[in-house]
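Chain by chain, the residues:
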Amino acid sequence: MDMATQFPDQGLFHLTGSRSGEGFSAIDIGTLRPALLAAYGDLSRLRHDYPVVLLETPGNDGFAVALSTVVSRLALELAPRGIEGERLRRHLLRLEREIRAAVAAGAQGALSELWADAAARLGAEAEARKDATAGPVLALAATSLKIDGVVAGCDAQLPARLMTQAWRHAQWRKGREFHAMTNALMRQLSDIRRAAWAQSQAGRQPQALRAAVGGAHGDVFDFDAMSRLVARGAPKDELPPARRKRIDWALSKLSSQTFYPALHSGVADPLPTGFAFDNCAAAMEAFRGRLPAAAELVKAIAMAELEVAGRYVESEHDPVFEHYDEHSLTAEDLALLPDYLVCIPPERNDAPENAALLDMLSSAMPVKVLVQVSDLLEEASIGAGHFAFGVRSARLATTAMGLGGMFVMQCASSALYAQRERIARGLACRGPALFTVFAGSPAPAAGLPPYLSAAAALESRAFPTFTYDAAAGSNWAERFSLEGNRAPEDDWPAEPFEYADEAMQRIVEPTRFTYADFALCDRRHAAHFAAVPRERWHAGMLPVADWLALPEDESSRRVPYLLAVDDKARLHRVLVDAKMMQATRRCLLLWHRLQEHAGIHDSHAERLLARERAERAAQPAAAAAAAAPVAAAPAPSVAPAAAEAEAPAERPPSDEAWIETSRCPSCNECQLINDRMFAYNENKQAYIKDITAGTYRQLVEAAESCQVAIIHPGKPRNPNEPGLAELLERAQPFL
């Protein structure tokens, strides 16, 4: 049915965003949330990755560990079997929930502090219920905590706090490695000087010989006589003056370097000072200011290594080191020194002091940059109000990949903890690294917490997770990864959504989470959506993902909608205007490009595969034609009835559902709807496996989603299935 004639107000809204007439629900779009997020009401009651404990001391857990992991380990360690163990586990889980709720409400502090506060509150509540066990049990658990650190929730400050802590750990490791190398060089250089001195006249004086023998046998020898014997012919200085000067200079530079703090009791200062910044200009200025000192230090290390190995040749190396300055430094040289960290606040991404970001990343500067993104959908500055999806922010990481020679990671804040190993790898790389992180919408709809807002960006492909590591290999298959995205081979991830219809019948629909769903999570974009009352729902409305798959001439006769839920758990269909659909289509296009980088649906590979299949299919026919006799006897005629029996008909009676299997393009759309009803044969072509395993609605949706319209729903088997009138209308084109 043509939507434009039956519901012209809906078509007008889709095309222009204008609400005319009374055909829309009087509901604040900002109070709605996408249907798939309806189940996530109170996050404090759900165990997930946040909050995390930012660890001060390096260990097996790296730079952070989830609070849920800490509690689970304690429960395994402390809880005995039986009723007492179960009681302890319940107390620990309640305490974890209390800490999570406190952090979500703004509480800050170390784990030990928040643990004590939460235990005190729960203990007081338990005493009011005449339960005297909770307080002592939780206090005992607190004494068993083996780690401590600042507790961080998934909020706007998380990316900078987490990245800074990870950077601190990386610099601690670099400092340990640097001190191990330079201390070994200084010992060996000192040994060279000491050995030369022992062979010189000064080293063979009576006092020096007495000191070398030691006090225990000092009265046994006549050191004056010994000195006269061994000092004959000894040079005044075993080391040539030029070599001694080089060794003394190298020792002086290595012992006085200021890049890494000195070791104290075997532990390095956790943070080299003056290497963390909040803008690119300040970091670059500090880097340039340290270049002369860096050149001197690298020169001293190179000289020391040659001297220790006995490979310093003055005629060869003196001219090199004489002209060695900051312009001689290579990326490998700079990698020995601390990395610079730049955490750009989201409101300063376009500030003048950060204009040289890409230039800084393409240089040899050992810098790790965090760019925090707060807006993934911006009105274009040019044009009639069209959306420019990710013009600056969301596409920064893909632009940086084109520079090459660096580590690039894009990730939503909700997935930072899950991607901590990749973060550590990026911070440990020798060259520049860029981390772009989306920490949630600044104006979330329906009270969505930042964690859910960021997770929605990840699920909707608005801000997918990917990493590019130039040092991982020589090709894209080794360098690029989409790991961390759900169903990376699909356009949109799908989840079963369960609800009750008007007749209180249970309905389960596969629902895809699209970019439009994500935009619905942001109040600023509410004007691009309109809720429609149930009595105005009709067959011309299509889910956003299905509408995008339609040819243009068909999509013009339909309107796209989302399923959304209000604060009273009521289900709504929400229309989406053309501007938002344009942004959604653009998002899908960018996702397809990332898929190709990862080797998923590679257009070049698919073209070659199709060509190879065509060539293989043509080979048997060509071979048969070549082997055929010049004149063949006519084949005996076969009765029409017999011919029909030999070729089984694909089409069953018209009232039954059926599929034109031989035309199936293997798109997998039907199996995404119900993989028990639809299956593939040995040629990877679809057929109806079990008609009783699904509903008529799923048959109709499969017919609508099929790219080549080969699924025919037939007539419904269950006359009592809800919504049959609408479904039969939708099925009419496919019967």
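Because the structure is a prediction, the values reported are computed rather than measured. (Residues numbered from 1 in each chain as written. Predicted model: local features only at pLDDT ≥ 70, side-chain atom pairs only at ≥ 80, totals over all residues. Heavy atoms only, no water.)

A short note on the overall build of the protein
When its secondary structure is counted, the protein shows 27 helices and 23 strands. Across the 735 residues of the protein, 46% fall into the buried class. Contacts in the protein between residues far apart in sequence, at least 24 positions, make up 71% of those at least 6 positions apart. Total accessible area computed for the protein in this model is approximately 36800 Å², and 53% of it derives from carbon and sulfur atoms. (Helix = DSSP H or I, 4+ residues; strand = E, 2+ residues; numbered from the N terminus. Buried < 20%, exposed > 50% of the residue type's maximum accessible area, 1.4 Å probe, protein only. Contact = heavy atoms within 4.5 Å. Areas by Shrake-Rupley, 256 points an atom, 1.4 Å probe, with all protein chains shown as cover.)

Some details on unusual backbone geometry
Look at the link from Tyr50 to Pro51: it is a cis peptide, with omega at 5°. With respect to the helices and strands, the residue Pro51 is situated in the loop between β1 (33-34) and β2 (52-55). Positioned with a positive phi, Arg461 is a non-glycine residue whose angle comes to about 70°. Inspection of the secondary structure assignment puts Arg461 in the loop between α17 (450-459) and β12 (466-469). We classify Arg461 as buried; its relative accessible area is 2%. With a phi close to 50°, Ala487 is a non-glycine residue in the positive phi region. Among the secondary structure elements, Ala487 is positioned in the loop between β13 (480-481) and β14 (494-500). A residue is classified by how much of its surface remains accessible, and Ala487, at 21% relative accessible area, is partly exposed.

Things to note about the sheet that holds β2
Across a sheet, strands are paired by hydrogen bonds formed along the backbone, either parallel or antiparallel in direction. Pairing in this open sheet of three strands is antiparallel, and the strands run β3-β2-β4 from one edge to the other. On the outer flanks of this sheet lie β3 (64-66) and β4 (149-152), each paired with one strand and no other. Adjacent strand axes in the sheet meet at a mean angle of 25°, parallel and antiparallel pairs treated alike. In terms of strand pairing, β2 meets β4 through four bridges, oriented antiparallel. (Pairing = 2+ DSSP bridges. Axes fitted to C-alpha atoms, helices over the stretch in contact; angles between N-to-C directions.)

What to know about the packing of helix α4 (residues 83-104) against helix α6 (residues 134-143)
What describes two packed helices is the angle between their axes and the distance between those same axes. It is the contact of α4 with α6, at a shortest axis distance of 10 Å, that shows an interaxial angle of 75°. Here α4 lies roughly perpendicular to α6, going by the angle between them. For the pair α4 and α6, the contacting residues are Leu88, His91, Leu92 and Leu95 in the first and Ala134, Val137, Leu138 and Ala141 in the second. Grouping the amino acids of the contact of α4 with α6 by side-chain chemistry returns seven nonpolar, one polar and no charged. (Parallel < 35°, antiparallel > 145°, perpendicular 65-115°, else oblique. Nonpolar A, V, L, I, M, F, W, Y, C, P; charged D, E, K, R; others polar.)

What to know about the environment of Asp325
Relative to the helices and strands, Asp325 resides in the loop between α12 (314-322) and α13 (331-334). C-alpha of Asp325 to C-alpha of Ala294: the two residues are 31 residues apart in sequence and 9.0 Å apart in space.

Looking at the packing of aromatic side chains
In total, this model carries 16 aromatic pairs according to the counting rule given. For the pair Phe277 and Tyr340, a centre-to-centre distance of 6.3 Å together with 20° between the ring planes defines the contact as stacked. One end of the pair, Phe277, is in strand β5 (residues 276-277); the other, Tyr340, is in strand β6 (residues 340-344), and 63 residues separate them in sequence. With a relative accessible area of 3%, Tyr340 lands in the buried category. Pairing Phe287 with Tyr340 gives two aromatic rings, centres 5.8 Å apart and planes at 90°, and the pair type is edge-to-face. With Phe287 in helix α11 (residues 280-309) and Tyr340 in strand β6, this pair connects stretches of sequence that are 53 residues apart. Pair check on accessibility: Phe287 and Tyr340 agree, each one buried. An aromatic cluster is built from Phe275, Phe277, Phe287 and Tyr340, whose rings are joined through pairwise contacts. Of note, Arg290 hangs over the ring of Phe275, and the distance from its end group to the ring centre comes to 3.9 Å. Over the ring of Tyr417 we find Arg420, and its NZ or CZ is 3.9 Å from the ring centre. (Phe/Tyr/Trp six-rings, centres within 6.5 Å; stacked < 30°, edge-to-face > 60°. Lys NZ or Arg CZ within 6 Å of the ring centre and 35° of its normal.)

What about the sheet that holds strand β11 (residues 433-438)?
Across the sheet, seven strands lie side by side as β5-β6-β7-β11-β10-β12-β13; this open sheet has mixed pairing. The sheet is open, and its two edges are formed by β5 and β13, each paired on a single side. Taken together, the two bridges between β12 and β13 define a ladder with antiparallel strand orientation. What sits directly across from Thr467, in β13, is Ser481.

A closer look at the nonpolar core
Grouped together as the largest cluster of nonpolar side chains are 169 residues, with contacts concentrated most on Trp115, Val369 and Ile423. Broken down by element, this core gets its largest block of residues, 13 residues, from α11. Other than its neighbours up to four places away in sequence, Ile423 contacts Phe63, Leu162, Met163, Ala166, Met409, Leu416 and Phe435. If you look at the next biggest cluster of nonpolar residues, it comprises 21 residues, including Ile659, Tyr696, Ala702 and Phe734. (Core = buried A, V, L, I, M, F, W, Y, C linked by side-chain atoms within 4.5 Å.)

A closer look at helix α2 (residues 8-16)
Every buried residue of α2 is accounted for by Asp9, Gln10, Gly11, Phe13 and His14. At the C-terminal side of α2, Gly17 shows a positive phi close to 75°.

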